[in-house]
Amino acid sequence: MSTLTENRHFHLILADIAMAAAIKTHDRGYVIAIGPEEYQPAAIRDAWLARNADESLRRRVTAMATAGVAALQGASPAQLTAAAETYGVPLVPGLAERIVEHFSDRRHAVLTYDR
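The structure contained in this document is the topic of the report that follows. Numbering of residues begins from 1 in every chain and follows the order in which that chain's sequence is written. Whole-chain, interface and lining totals are the exception, using all residues; otherwise, since this is a predicted model, local features are given only for residues with pLDDT of at least 70 and side-chain atom pairs are given and counted only at 80 or more. Calculation of side-chain values draws on the structure's entire complement of heavy atoms; hydrogens and water are dropped beforehand.

1. Regarding the nonpolar core
Heads up, the rule is: For our purposes a nonpolar core is just a set of buried Ala, Val, Leu, Ile, Met, Phe, Trp, Tyr and Cys residues, chained together by side-chain atoms within 4.5 Å. Here the term buried applies to any residue with accessible area under 20% of the maximum for its type, exposed to any over 50%, and partly exposed to those in between, with areas from a 1.4 Å probe on protein chains only. Every helix listed is a DSSP run of H or I at least four residues long, and every strand listed is a run of E at least two residues long, numbered separately from the N terminus. Throughout, a residue-residue contact means that at least one pair of heavy atoms, one from each residue, lies within 4.5 Å.
Residues Leu14, Ile17, Trp48, Leu80 and Ile99 are the most contacted members of the largest nonpolar core, which totals 30 residues. The set of elements that each furnish at least two residues to this core consists of α1 (6-26), α2 (43-51), α3 (55-72), α4 (77-87) and α5 (95-111). Residue contributions to this core peak at 10 residues, all from α1. The contact partners of Ile17, leaving out residues within four places of it in the chain, are Leu72, Leu80, Ala83, Ala84, Tyr87 and Val89.

And the structure:
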């Protein structure tokens, strides 16, 4: 697998947090058992999709996760860390701050331009 860009890496982490939240909405007993050492971005999403063949459920969960990613892009570091902890997505220390800064910088770049 090729090396992920920082942008793609951060998007996949947010996608996992949002996917875990959406999964737990439909299956409160679902356990995400991935430790920080073995976690790879997109692992939660990919594993759940591989285990679930119900196309209707897959569409509902992925639609909720897509909306969740948009919401997480505007979260504070504390909110992002809390969401990750709540849904079992391991974040190394300082990563939430880097992710928030990345999406904040992207929003700022879109809102400003040189004439």
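2. Side note on the layout of surface pockets
Selection rule: Put simply, the grid is 1 Å and covers the protein atoms alone, a cavity is a trapped set of points that fit a 1.4 Å probe, a pocket is an open set with protein on both sides within 12 Å along at least five of seven lines, and lining residues have an atom within 4 Å of a point. Grid points are joined across faces, edges and corners, and a volume is the space filled by probe spheres set on the points. Asp, Glu, Lys and Arg are counted as charged, while Ala, Val, Leu, Ile, Met, Phe, Trp, Tyr, Cys and Pro are counted as nonpolar; the rest, among them Gly, fall into the polar class.
Reported here for the largest pocket is a volume of approximately 170 Å³. Every residue lining the largest pocket is listed: Arg8, His11, Leu12, Ala15, Met19, Arg45, Thr62, Ala65, Thr66 and Val69. Those elements that provide at least two residues to the lining of the largest pocket are α1 and α3. For the lining of the largest pocket, the leading source of residues is α1, giving 5 residues. Here the residues of the lining of the largest pocket sort into 5 nonpolar, 3 polar and 2 charged.

3. Description of α2
The following threshold applies: This arc describes the spread of directions from the helix axis toward the C-beta atoms.
Burial in α2 covers these residues: Ile44, Trp48 and Leu49. Taken down its axis, α2 places every buried residue within 120 degrees of arc, on the same side. In the core, the buried residues of α2 are packed alongside α1 and α3.

4. Side note on the pattern of salt bridges
Operational definition: One speaks of a salt bridge when a side-chain nitrogen belonging to Lys or Arg is within 4 Å of a carboxyl oxygen belonging to Asp or Glu.
For the structure shown, the criterion picks out 3 salt bridges. A salt bridge links Arg45 to Asp46; its shortest N-O distance comes to 3.5 Å. A residue is classified by how much of its surface remains accessible, and Arg45, at 33% relative accessible area, is partly exposed. A salt bridge links Arg58 to Glu55, with the shortest nitrogen-to-oxygen separation between them at 3.8 Å. In this pair, Arg58 and Glu55 are both assigned in helix α3, 3 residues apart and thus about one turn of the helix distant. Overall, the relative accessible area of 43% leaves Glu55 in the partly exposed class.

In short, shape yes, function no, at least from these values alone.
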